[in-house]
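Now for the letters of each chain:
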Amino acid sequence: MRRKNLNSELIKEYMVEALLLLMEEKSFEKITIGEITNKAGVNRSSYYRHFNMKEDLLRWYFYKIIGEIEKENVSFHDYTYSIFKTFLSHKRGILVIHQAQLSYLLLDALNACFHVNTTDTQSTLEQFQTAWHVGGIYNGMLLWFEHGMKESAQLMTDITLSFRPAGSLSLRDMKKA
């Protein structure tokens, strides 16, 4: 049954959810656009209006998750906790993506969100600092995914902050400077 009168965000959400459900049943490579749109209850043209390839659906999903992280007027500890809490709230989908060996799409989203390789607004030093931080975040997340995301958001925050040197800048601090 086709859904009607939907906004773009809802259409994207339905398609991502459909893809994740299909990925629980069969391999990513074997899933067709028609299967995604049928399961989502949207027209095939809606898919092509928003995405070029199936991987774009998962990139959008990661952008959406990152957009949910509480960033404003919070301490670095609370910001870090919000990262893990937000990702944990999407555990099922993230682990489906990870099991399909598509976690690299998270790196694409992190690089875009933190503007890695942005030469017009960052000095060379800032570019390398940002890339270094993002790489650490990404690899830490991959290890957490490998563990099945069994560690709590608080434990992940404590682990992450335990190896942050006192007085060091965060990506948030670098963006404000």
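Above this text is the structure in question.
Calculation rules
Residues numbered from 1 in each chain as written. Predicted model: local features only at pLDDT ≥ 70, side-chain atom pairs only at ≥ 80, totals over all residues. Heavy atoms only, no water. Helix = DSSP H or I, 4+ residues; strand = E, 2+ residues; numbered from the N terminus. Expected span 1.5 Å × (residues − 1). Buried < 20%, exposed > 50% of the residue type's maximum accessible area, 1.4 Å probe, protein only. Core = buried A, V, L, I, M, F, W, Y, C linked by side-chain atoms within 4.5 Å. Contact = heavy atoms within 4.5 Å. Phe/Tyr/Trp six-rings, centres within 6.5 Å; stacked < 30°, edge-to-face > 60°. Salt bridge = Lys/Arg side-chain N within 4 Å of Asp/Glu carboxyl O.

Engineer: Sorry, what's going on with helix α8 (residues 124-146) here?
Structural biologist: Counting along an α-helix, one turn takes 3.6 residues, and residues three or four places apart therefore face a common direction. For α8, spanning 23 residues, the distance from its first C-alpha to its last is 33 Å, which sits close to the expected 33 Å at 1.5 Å a residue. Within the span of α8, buried status applies to Gln127, Thr130, Val134, Tyr138, Met141, Leu142, Trp144 and Phe145.

Engineer: Explain the nonpolar core to me, please; I cannot follow it from the model alone.
Structural biologist: Generally speaking, soluble globular proteins have nonpolar side chains that are buried together. Ranked by internal contacts, the top residues of the largest apolar core, which has 48 residues, are Met15, Met23, Ile36, Leu58, Phe87, Leu106 and Phe145. Only α1 (8-25), α2 (33-40), α4 (54-68), α5 (76-88), α6 (91-99), α7 (104-113), α8 and α9 (153-162) provide two or more residues apiece to this core. In terms of residue count, α1 provides more of this core than any other element does, eight residues in total. Setting aside chain neighbours within four positions, we find Met23 in contact with Phe28, Ile31, Leu58, Val96, Ile97, Ala100 and Leu102.

Engineer: I tried to follow the packing of aromatic side chains on my own but got confused; where do I start?
Structural biologist: The geometry of an aromatic ring pair is captured by the separation of the ring centres together with the interplanar angle, meaning the angle of the planes. Under the defined criterion, the tally for this structure stands at six aromatic pairs. Summarising the aromatic geometry, the rings of Tyr61 and Phe62 are spaced 6.1 Å apart at their centres and angled 45 degrees between planes, so their arrangement reads as tilted. We note that Tyr61, like Phe62, is buried. Ring pairing ties together the aromatic residues Tyr47, Tyr48 and Phe51, which thus form one cluster.

Engineer: What am I meant to see in the pattern of salt bridges here?
Structural biologist: Two side chains bearing opposite charge may form a pair once their charged atoms approach each other closely. By the definition in use, this model includes seven salt bridges. Ionic pairing is found between Glu68 and Lys64, a salt bridge with its closest N-O pair at 2.9 Å. Residue Glu68 and its partner Lys64 are both found in helix α4; the two are separated by four residues, about one turn of the helix. The exposure class assigned to Glu68 is partly exposed, which follows from its relative accessible area of 36%. Among the ionic contacts, a cluster of salt bridges with common partners joins Glu17, Glu24 and Arg92.

Engineer: Looking at this model, I keep getting lost on unusual backbone geometry. Mind explaining?
Structural biologist: Excluding glycine, residues mostly carry a negative phi; peptide bonds, for their part, are mostly trans. Not every positive phi belongs to a glycine, and Gln101 is a case in point at roughly 60 degrees. The topology assignment puts Gln101 in the loop between α6 and α7. Taking the relative accessible area as the measure of exposure, Gln101 reaches 68% and is therefore exposed. Notably, Met149 is not glycine yet its phi reads approximately 55 degrees, a positive angle. Inspection of the secondary structure assignment puts Met149 in the loop between α8 and α9.

Any link to function would need more than the numbers given here.
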